Amino acid sequence: MSPISLPRPVAVAVGGGGVLGAAHVGAGYALERRGFIPDLIVGTSVGALTGAIAAAHPDDAAPWLERVWTGLRRRDVFPFGYLSSRASVFADRGLRRLIAGAALPPLIEQLPIPFTAVAMDLADGAVAPLDRGDLVSALLASAAIPGVLPPVVRDGRTLVDGGVVAYVPVLAAWQAGAASVLALSIGPESGPLPAAVPRRRAGAIAARAGTLMFRHQIERDLREVSRHIPTVVLPTGIETWPAPWDLGQTRRLISSTAAAAGRFLDELDIDGPGLYRAEEQLSEVER
């Protein structure tokens, strides 16, 4: 079944994942090669930047995104030596430069495809969907990793990275009126985790706990939305993910995801509401 045949309006929900977001580009290629253009794009964190570029360039988003990702360096996003305040380790000037080079309009509502960036309100922890107004501040807010990048004050609210509450924003997509959703979930959080306790080191323990937290959040939201509408999770084909700061494997992430997502879409068979994903993404309990 072609993704074009999904019930309309179809949303693409683009999740977080930092530099692993290069995998989003591969999913974009798989969709574009099958003639698919979404009716709505919802993005969290790096997925908000990916989603905004896709919304701005609906006919050739994947080549645009590949140019951005293959030219990206870590210091472009996290420039050392530029402390903005006590609120964050890094200033956001690198991220601002990256956004400025993406040929985006100033306002969200000027994007050719309706778009929502998801952030979190730091006052009460509520999901903050940003679908109108200044685009740059919306993207900065959605990607403002707490303590790492500065929070954004927008319309009287202090906003931070939406991944804290909506790592893969399928709920926001459904609430925005989607009749079906394609979810782009990347990183170790996107697949089954080995039942292994990490070495007794602070970094390993914290990383494992964080991965489990996001994994449970993603699964909860996917299952809730799939009770109401067809919810398709595109596979990446990636078994070993690089470190979150490693930009040297960008082309591998793009090519692997393009191939895996393409094969999956060609065999996709939708039969009403439900959760549709590849065998490799299922736990032993689900198989």
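Scroll up for the structure.
Residues numbered from 1 in each chain as written. Predicted model: local features only at pLDDT ≥ 70, side-chain atom pairs only at ≥ 80, totals over all residues. Heavy atoms only, no water.

Draft legend 1. Quick peek at the packing of helix H2 (residues 46-56) against helix H6 (residues 135-142). The N-to-C vectors of H2 and H6 enclose an angle of 150 degrees; their axes lie 7 Å apart at closest approach. For the element pair H2 / H6, the angle class is roughly antiparallel. In this structure, the crossing between H2 and H6 has a hand that is right-handed. Counting all contacts with H2, which are made through Ala48, Leu49 and Ala52, the residues of H6 involved are Leu135, Leu139 and Ser142. Taken together, the residues that form the contact of H2 with H6 break down as five nonpolar, one polar and no charged. (Axes fitted to C-alpha atoms, helices over the stretch in contact; angles between N-to-C directions. Helix = DSSP H or I, 4+ residues; strand = E, 2+ residues; numbered from the N terminus. Parallel < 35°, antiparallel > 145°, perpendicular 65-115°, else oblique. Left-handed = near helix turned anticlockwise from the far one by under 90°. Contact = heavy atoms within 4.5 Å. Nonpolar A, V, L, I, M, F, W, Y, C, P; charged D, E, K, R; others polar.)

Draft legend 2. Layout of the pairing of strand S7 (residues 180-184). The element S7 is largely enclosed, with a buried count of five among its five residues. Of the two faces of S7, both are covered, the one formed by Ser180, Leu182 and Leu184 as well as the one formed by Val181 and Ala183. In the sheet, strand S1 (residues 10-14) pairs with S7 via five bridges, with the strands oriented parallel. Bridge pairing in S7 links Ala13 to Ala183. Looking at chain direction, S7 and strand S8 (residues 230-233) are connected through three bridges and run parallel. For Val181, the partnering residue across the bridge sits in S8 and is Thr231. (Buried < 20%, exposed > 50% of the residue type's maximum accessible area, 1.4 Å probe, protein only. Pairing = 2+ DSSP bridges.)

Draft legend 3. Here's a closer look at helix H1 (residues 22-32). Along H1, ten of the eleven residues are buried, which leaves the element largely enclosed by surrounding structure. Within H1, burial applies to Ala22, Ala23, His24, Val25, Gly26, Ala27, Gly28, Tyr29, Ala30 and Leu31.

Draft legend 4. Spatial organisation of the pairing of S8. Judged by which residues are buried, S8 turns out to be covered on both faces: Pro230 and Val232 on one side and Thr231 and Val233 on the other are all buried. As paired elements, S8 and strand S9 (residues 274-276) share three bridges and run parallel to each other. The residue of S9 that forms the bridge with Thr231 is Leu275.

Draft legend 5. Broad picture of the packing of aromatic side chains. The final tally for this structure, using the stated rule, is one aromatic pair. Between Tyr167 and Phe214, the ring centres sit 4.4 Å apart and the planes meet at 35 degrees, which makes this aromatic pair tilted. Pair noted here: Tyr167 is in the loop between strand S6 (157-161) and helix H7 (170-175) and Phe214 is in helix H8 (residues 202-226), with a separation of 47 residues, a long-range link. Assigned by exposure class, Tyr167 and Phe214 land together as buried. Across the ring face of Trp64, the terminal group of Arg67 is positioned such that the distance to the ring centre comes to 5.2 Å. (Phe/Tyr/Trp six-rings, centres within 6.5 Å; stacked < 30°, edge-to-face > 60°. Lys NZ or Arg CZ within 6 Å of the ring centre and 35° of its normal.)

Draft legend 6. Structural context of the nonpolar core. Counting residues in hydrophobic clusters, the biggest one holds 70 residues, and the most contacted among them are Leu104, Phe115, Leu139, Leu182, Val232 and Leu234. Among the elements that line this core, the one with the most residues is H2, at eight residues. Ranked by size, the runner-up nonpolar core spans 20 residues in total, among them Ala13, Val42, Ala178 and Val181. (Core = buried A, V, L, I, M, F, W, Y, C linked by side-chain atoms within 4.5 Å.)

Draft legend 7. Here's a closer look at the packing of helix H5 (residues 93-100) against H6. It is at 11 Å that the axes of H5 and H6 come closest, and there the two elements cross at 130 degrees. With respect to their mutual orientation, H5 and H6 come out oblique. Pair H5 / H6 crosses with right-handed handedness. Facing H5, whose interface residues are Leu95, Arg96 and Ile99, H6 presents Val136, Leu139 and Leu140. Of the residues that constitute the contact of H5 with H6, the class distribution is five nonpolar, no polar and one charged.

Draft legend 8. Region of interest: unusual backbone geometry. Look at the link from Arg8 to Pro9: it is a cis peptide, with omega at 0 degrees. On the secondary structure map, Pro9 appears in the segment before S1. Located in the positive-phi region is Ser45, a residue other than glycine, with phi close to 60 degrees. By the element assignment, Ser45 lies in the loop between strand S2 (40-44) and H2.

Just geometry here; none of it tells us what the structure is for.
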